[in-house]
Amino acid sequence: MTKPGRARTAFVCGECGAEYSKWQGQCGECGAWNTLSQVVLEPASGGGAPAAARRSGWAGKVDPPRVTALKDVTQVAEVRMSTGIGELDRVLGGGLVEGAVVLVGGDPGIGKSTLLLQALAKMAAQVPALYVTGEESLAQVAGRAVRLGLPLDNLQALAETGVEAILHHAAQARPRLIVADSVQTLWTETLTAAPGSVSQVRESAARLVRYAKETGTAVFLVGHVTKEGGIAGPRVLEHMVDAVLYFEGESGSRFRVLRAFKNRFGAVNELGVFAMGDKGLKEVPNPSAIFLSGSARQPGSCVMVTREGTRPLLVEVQALVDASPLSNPRRVAVGLEQNRLAMLLAVLHRHGGIAVGDQDVFVNVVGGIRVQETAADLPVLLAVLSSLRDRPLPDKTIAFGEVGLSGEIRPVPNGEERLREAATHGFRRAIVPKANAPRGGAKYKDLEVIAVERLADALEHA
Ligand code: TYD
Ligand code: MG
């Protein structure tokens, strides 16, 4: 039990947030080395209530909690407000829920501040909103708002990094929405650790989460992403917040994709698509064909229909297969899972009779988008084959389907919707799993549907 007056400390892994009572060289949870640092878990003034109780804010104020039958719990309907940006609403699950804390992650320069400033300006017309900047000066924020042509009248901004000061201001101004840009700059005076350290980020975020829950204020936290792809510092932030959105995109491309990675109030993997221009981020409400490279059919390219979230999307998978000078040839997957590529190449060898063991294999999804569903299996292998043979796939062909370890082609969800999307965009042939093909015949509108059951069949048709 914690003694009052003495701060409880622990050693916390900076990668995964696992806690230990003693220091050790390697984190037992995630296996990372030298990532443990000593963290003050809570301020010394906390008193004797159990830690969890104090965190949830009921300690000492009301009766201790009682077990309740769920049927007796009065349900409160979620109040959602539109952010004024349709694609952002879509990713949030239909608007921003009151009291929700949303972490927006992404590489530096991807457009997080721009997106949130635009959303804030739209929402500020309806509810009081506050933009807290810890990275840029007020002049920079104002300058950007002017350049983006945003109405400045209702935009309240605060250049501050101390959580106590932010909450003090919030308690007076009572905004319904707070954007904290970025969470890595926040610090709380109850901890002695340096700003930016695991414990500071964690405790500061926890205080904002508590404030959000107590007052029903919606909070956007901006977070930087490490080179490993996690939100920098403690992954614990992902557990504390209601939703985690990742902003992705290729540096060369003007398209940006916002993806729900976790969402307590909506579907995950929902995508919002934006284009960055000189007037900031513009929504792309009908993004189906923007991820095609537009180049004429080339060897090593295969178009697939993915279904991320609730709408189908045409994306192009490119492969380059080249004789390797290395004894251990490279397998590089960009926008796809690396291990899955290795597995697919093994299936290609074993069940398709095509060996790439002495070749480097690079696979890339065009447009900086990330495809996480197994429907990409078949397109990946067709692209690899096409590059290996140096022959393009037949013109206007799409493919999708999961490839199993025994060489079978498995169906994927929403086959008909994918075929419809391909037909709408003028594709003529589709190589798809048998169970996804329309029952009536081998045609779907103008689309010739080639139903395959085995990998060998699919390779033959390509
Ligand atoms: P920013 O929102 O500052 O990124 P983040 O907060 O994620 O670090 O976006 C900065 C980039 O966006 C910068 O490279 C310039 C570009 N940009 C435009 O192309 N057009 C614009 O209207 C704005 C405001 C930014
Ligand atoms: Mg920024």
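Residues numbered from 1 in each chain as written. Chains lettered and ligands numbered in written order. Predicted model: local features only at pLDDT ≥ 70, side-chain atom pairs only at ≥ 80, totals over all residues. Heavy atoms only, no water.

- As recorded by an unreviewed UniProt entry, the protein chain carries the name DNA repair protein RadA and is attributed to Pseudoxanthomonas taiwanensis.
- The UniProt entry for the protein chain carries this comment under Sequence similarities (unreviewed entry): "Belongs to the RecA family. RadA subfamily." (UniProt positions renumbered as here; feature names shortened; annotations may be inferred.)

Re the overall build of the protein chain
- Regarding its fold elements, the protein chain presents eleven helices and 24 strands.
- Here the C-alpha coordinates of the protein chain stretch approximately 75 × 55 × 50 Å along the principal axes.
- By the burial criterion, 50% of the 462 residues in the protein chain qualify as buried.
- A fraction of 65% describes how many contacts in the protein chain between residues 6 or more apart in sequence connect residues 24 or more apart.
- Working note: accessible area of the protein chain is about 21700 Å², and carbon and sulfur atoms make up 51% of it.
- For the protein chain, the separation between the mean place of its 51 positive charges and that of its 48 negative charges on side chains is 2 Å. (Helix = DSSP H or I, 4+ residues; strand = E, 2+ residues; numbered from the N terminus. Buried < 20%, exposed > 50% of the residue type's maximum accessible area, 1.4 Å probe, protein only. Contact = heavy atoms within 4.5 Å. Areas by Shrake-Rupley, 256 points an atom, 1.4 Å probe, with all protein chains shown as cover. Lys, Arg positive; Asp, Glu negative; His and termini not counted. Charge placed at Lys NZ, Arg CZ, Asp CG, Glu CD.)

A word on the nonpolar core
- Judged by nonpolar contacts, the single largest core of 63 residues is most densely connected at Val363, Leu378, Val380, Val384 and Ile398.
- At seven residues, the largest contribution of residues to this core is made by helix H9 (residues 377-389).
- Structurally, this core is a two-domain feature, drawing no fewer than three residues from each of domain 2 (80-285) and domain 3 (289-461).
- When neighbours within four sequence positions are excluded, Ile398 is seen to be in contact with Val303, Val305, Leu314, Ala422, Phe427, Arg429, Ala430 and Ile431.
- Counting residues in hydrophobic clusters, the runner-up holds 36 residues, among them Val91, Ala124, Val141 and Leu177. (Core = buried A, V, L, I, M, F, W, Y, C linked by side-chain atoms within 4.5 Å. Domains from an automatic or database assignment.)

Quick notes on the side chain of Ser182
- Topologically, Ser182 is positioned in the loop between strand S9 (177-181) and helix H6 (198-215).
- Those residues within four positions of Ser182 in sequence are excluded, and the remaining contacts are Gly134, Glu135, Val222 and His224.

Regarding the sheet that holds strand S18 (residues 359-365)
- What the eight strands build is an open sheet, ordered S17-S18-S16-S15-S19-S22-S24-S23; its pairing is mixed. The two strands at the open ends of the sheet, each matched to only one other strand, are strand S17 (331-334) and strand S23 (443-444).
- Across three bridges, the pairing between strand S19 (residues 397-399) and strand S22 (residues 429-433) is parallel. In the sheet register, Thr397 faces S22, and the bridge partner there is Arg429.
- Against the sheet, helix H8 (residues 338-352) contacts S17 and S18, and its axis sits at roughly 130° relative to S17.
- Across the sheet, helix H10 (residues 415-424) is in contact with strand S15 (301-308), strand S16 (311-323), S19, S22, S23 and strand S24 (447-452); its angle to S15 comes to roughly 130°. (Pairing = 2+ DSSP bridges. Axes fitted to C-alpha atoms, helices over the stretch in contact; angles between N-to-C directions.)

Some remarks on the site of ligand 1
- The immediate surroundings of ligand 1 are formed by 15 residues, with Gly109, Lys112, Ser113, Thr114 and Gly277 found nearest.
- Lys112 places a main-chain nitrogen or oxygen 2.8 Å from an oxygen atom of ligand 1.
- Separating an oxygen atom of ligand 1 from a side-chain N or O atom of Thr114 is a distance of 2.6 Å.
- Compared with its free state, where it exposes 560 Å², ligand 1 has 72% of that area covered by protein.
- Listing elements by their share of the shell around ligand 1, those giving two or more residues are helix H3 (112-124) and strand S13 (271-277).
- Top contributing element to the shell around ligand 1 by residue count: H3, with three residues.
- The residue inventory of the shell around ligand 1, partitioned by class, reads four nonpolar, six polar and five charged. (Near = heavy atom within 4 Å. Polar contact = N/O pair within 3.5 Å; in protein donor to acceptor, adjacent residues only side chain to side chain. Nonpolar A, V, L, I, M, F, W, Y, C, P; charged D, E, K, R; others polar.)

Section: the environment of Gln126
- With respect to the element layout, Gln126 can be found in the loop between H3 and strand S7 (129-133).
- In this structure the C-alpha to C-alpha distance between Gln126 and Gly216, which are 90 residues apart in sequence, comes to 16 Å.

Digging into the UniProt feature "binding site: ATP" (unreviewed entry) in the protein chain
- Taking the numbering used here, the UniProt-annotated feature "binding site: ATP" (unreviewed entry) corresponds to Gly106, Asp107, Pro108, Gly109, Ile110, Gly111, Lys112 and Ser113.
- Tracing the sequence through the fold places Ile110 in the loop between strand S6 (101-106) and H3.
- Note on Ile110: relative accessible area 6%, which makes it buried.
- The residues touching Ile110, leaving out its near neighbours within four places in the chain, are Phe247, Glu248, Gly249, Arg256 and Met276.
- Structurally, Gly111 can be placed in the loop between S6 and H3.
- We classify Gly111 as buried; its relative accessible area is 8%.

What about the sheet that holds S13?
- Here we have nine strands laid out as an open sheet, ordered S8-S7-S9-S10-S6-S11-S12-S13-S14, and mixed in their pairing. Across the chains shown, the open sheet's two edge strands, defined by having one partner strand only, are strand S8 (156-159) and strand S14 (280-283). Averaged over all pairs of adjacent strands, the angle between their axes in this sheet comes to 25°, without regard to strand direction.
- Across the sheet, H6 is in contact with S6, S9 and strand S10 (218-224); its angle to S10 comes to roughly 160°.

Things to note about the side chain of Asn436
- Position of Asn436 among the secondary structure elements: in the loop between S22 and S23.
- A polar contact of 2.9 Å, which involves the side chain of Asn436, links it to the backbone nitrogen of Val412.
- Apart from the residues within four sequence positions on either side, Asn436 is in contact with Phe400, Pro411, Val412, Gly415 and Leu419.

A short note on unusual backbone geometry
- Of the consecutive residues Asp181 and Ser182, the connecting peptide bond is found in the cis state with omega at 0°.
- In this structure, Lys396 takes a positive phi of about 55° despite not being glycine.
- Summarising the element assignment, Lys396 is placed in the loop between H9 and S19.
- Relative accessible area serves as the criterion here: at 42%, Lys396 is assigned to the partly exposed category.
- The backbone phi angle of Asn414 is positive, close to 60°, even though this residue is not glycine.
- For Asn414, a relative accessible area of 35% corresponds to the partly exposed category.

As for the environment of Leu96
- Inspection of the secondary structure puts Leu96 in strand S5 (residues 96-97).
- Taking C-alpha positions, Leu96 is 8.2 Å from Val79, a pair spaced 17 residues apart along the chain.
- Leave out the neighbours within four places in its chain, and Leu96 touches Val79, Arg80, Met81, Thr83, Val102, Met123, Leu177, Ala218 and Phe220.

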